[in-house]
Amino acid sequence: MAKTKERKKLKKRLLHKYRLLILNEDTFEERVSLKLTRLNVFILVGFSAIILIALTTILIAYTPLREYIPGYSSVRLKRQATALMFETDSLKRQLDINQQYLASIKRVLTGDVAEVNFNKDSIALTEPRDTAGLEFRVSKEDSILREQVANEDRYNLFDPASPTVSFSLFPPVKGNITEGYDVDERHYAVDVVVPKNEPVKAVADGTVIFSEWTADTGYVLIIEHGNNLISVYKHNASLTQSQGDLVKAGEVVAIAGSTGELSTGPHLHFELWNNGYPVDPTNYIAFE
């Protein structure tokens, strides 16, 4: 009974009607009159609070106004951070590539590598060409002129054409081989005796990746070709190409000499590398 009376009393208080009046202070004229109960006031205040919280949440989550609240970062800073993240990743990849590149050059210069079996057909054979439908007419005067130019110009970039070509590598020099390729002696090159100041030519198209002086081997030039092929030219008297230069097959890249502490006379120390491993140059180039 007591609980029932308390419930009725509470219900009566909540539903008891009140009047809210808004009067003109000077004339006491009634401007607004509202009939209210405690229950209506509680419901109105509750809905107002819920709507206010919802609007505040939407403003913070979906508008730039959240940037003015401590602890929230701006959209501009996020975009900059994302851009810096991608740029940092690209720089890291490029750094890794450069480190691998420098490590390969170091192995070429020091000769600290192992021998590997290499299929010469991957670099030696030239691209087949269909010349069945072509017709060449060479005059006598043209033949005489070509022969004169080939004999007089010692820095001619191209050897006389031959009817058949079995290899795509151009001989850097012509001469006798005094010391050949020997894995047991860790001599991953051929030493070709040449006259002093003989022009040294590129064996194939490529990019010069090293062109400097070293104490042991004098002026050294390294060219990177296609198919992961690298050619090395050591003990030169001087170099005609710089790092980053593009060269063609048969183009003069150095002048032969006898520089460096390990040199015993005018010759070319020539190395051929594929995928970071040395190969015997005589399998692909005729030096004599």
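Residues numbered from 1 in each chain as written. Predicted model: local features only at pLDDT ≥ 70, side-chain atom pairs only at ≥ 80, totals over all residues. Heavy atoms only, no water.

Now for the nonpolar core. Membership of the largest hydrophobic core comes to 27 residues, with the highest contact counts inside it found for L169, V200, I223, Y233, V253 and F270. If you list the elements that add at least two residues to this core, you get β4 (190-193), β7 (218-224), β8 (229-239), β10 (252-256) and β11 (267-274). If near-sequence neighbours (up to four positions away) are discounted, F270 is found in contact with P172, A189, V190, V203, S231, V232, Y233, P281, I285 and F287. If you look at the next biggest cluster of nonpolar residues, it comprises 9 residues, including I105, I209, I222 and W273. (Core = buried A, V, L, I, M, F, W, Y, C linked by side-chain atoms within 4.5 Å. Buried < 20%, exposed > 50% of the residue type's maximum accessible area, 1.4 Å probe, protein only. Helix = DSSP H or I, 4+ residues; strand = E, 2+ residues; numbered from the N terminus. Contact = heavy atoms within 4.5 Å.)

What follows is about the pattern of salt bridges. For the structure shown, the criterion picks out 4 salt bridges. D89 is the salt-bridge partner of R93, the closest N and O atoms lying 3.3 Å from each other. Linking R93 with D89, this pair stays in helix α3 (residues 75-110), spanning 4 residues, or about one helical turn. In this structure R93 comes out as exposed when scored by relative accessible area, which is 56%. For K234, the salt bridge identified is with E271, shortest N-O distance 3.1 Å. Linking K234 in strand β8 with E271 in strand β11, this pair joins segments that are 37 residues apart in sequence. A relative accessible area of 4% places K234 in the buried class. Look at E271 and you get buried, because its relative accessible area is 4%. (Salt bridge = Lys/Arg side-chain N within 4 Å of Asp/Glu carboxyl O.)

Our next topic: unusual backbone geometry. Leaving glycine aside, a negative phi is the common case for residues, and trans is the common case for peptide bonds. For R186, which is not glycine, the phi torsion reads 55 degrees and is therefore positive. As for its position among the elements, R186 is in the loop between β3 (176-179) and β4. Residue N227 is not a glycine yet carries a positive backbone phi of 60 degrees. Note on placement: N227 falls in the loop between β7 and β8.

Take E251: it is sitting in the loop between β9 (246-247) and β10. Separated by 79 residues in sequence, E251 and P172 have C-alpha atoms that sit 9.1 Å apart. In this structure the side chain of E251 is engaged in a polar contact, spanning 3.4 Å, whose partner is the side chain of Q241. (Polar contact = N/O pair within 3.5 Å; in protein donor to acceptor, adjacent residues only side chain to side chain.)

A separate point is the packing of helix α1 (residues 2-15) against helix α2 (residues 38-62). The angle between the axes and the distance between the axes are what describe a pair of packed helices. Contact geometry for α1 and α2: axes closest at 5 Å, N-to-C directions at 70 degrees. By the angle between their directions, the pair α1 and α2 is classed as roughly perpendicular. The residues of α2 that touch α1, namely those facing R13, L14 and L15, are R38, L39 and F42. Looking at the contact of α1 with α2 residue by residue, the classes come out as 4 nonpolar, no polar and 2 charged. (Axes fitted to C-alpha atoms, helices over the stretch in contact; angles between N-to-C directions. Parallel < 35°, antiparallel > 145°, perpendicular 65-115°, else oblique. Nonpolar A, V, L, I, M, F, W, Y, C, P; charged D, E, K, R; others polar.)

Okay, the side chain of E271 next. Among the polar contacts listed, one links the side chain of E271 to the side chain of H269, at a separation of 2.8 Å. At 2.8 Å, the side chain of E271 and the side chain of W273 are in polar contact. In contact with E271, not counting residues within four places along its chain, are V108, Y188, A189, I230, S231, V232 and K234.

The next thing to look at is the layout of surface pockets. The computed volume of the second largest pocket comes to approximately 490 Å³. Forming the walls of the second largest pocket are 26 residues, and the residues nearest its centre are T217, K234, H235, L262 and H269. At the level of secondary structure, the elements contributing two or more residues to the lining of the second largest pocket comprise α3, β3, β4, β8 and β11. If one sorts the elements of the lining of the second largest pocket by residue count, β11 sits on top with 4 residues. Tallied by class, residues from the lining of the second largest pocket come to 8 nonpolar, 12 polar and 6 charged. (1 Å grid on protein atoms, 1.4 Å probe; cavity = no way out; pocket = protein on both sides within 12 Å on 5 of 7 lines; lining within 4 Å. Points joined across faces, edges and corners; volume = space filled by probe spheres on them.)

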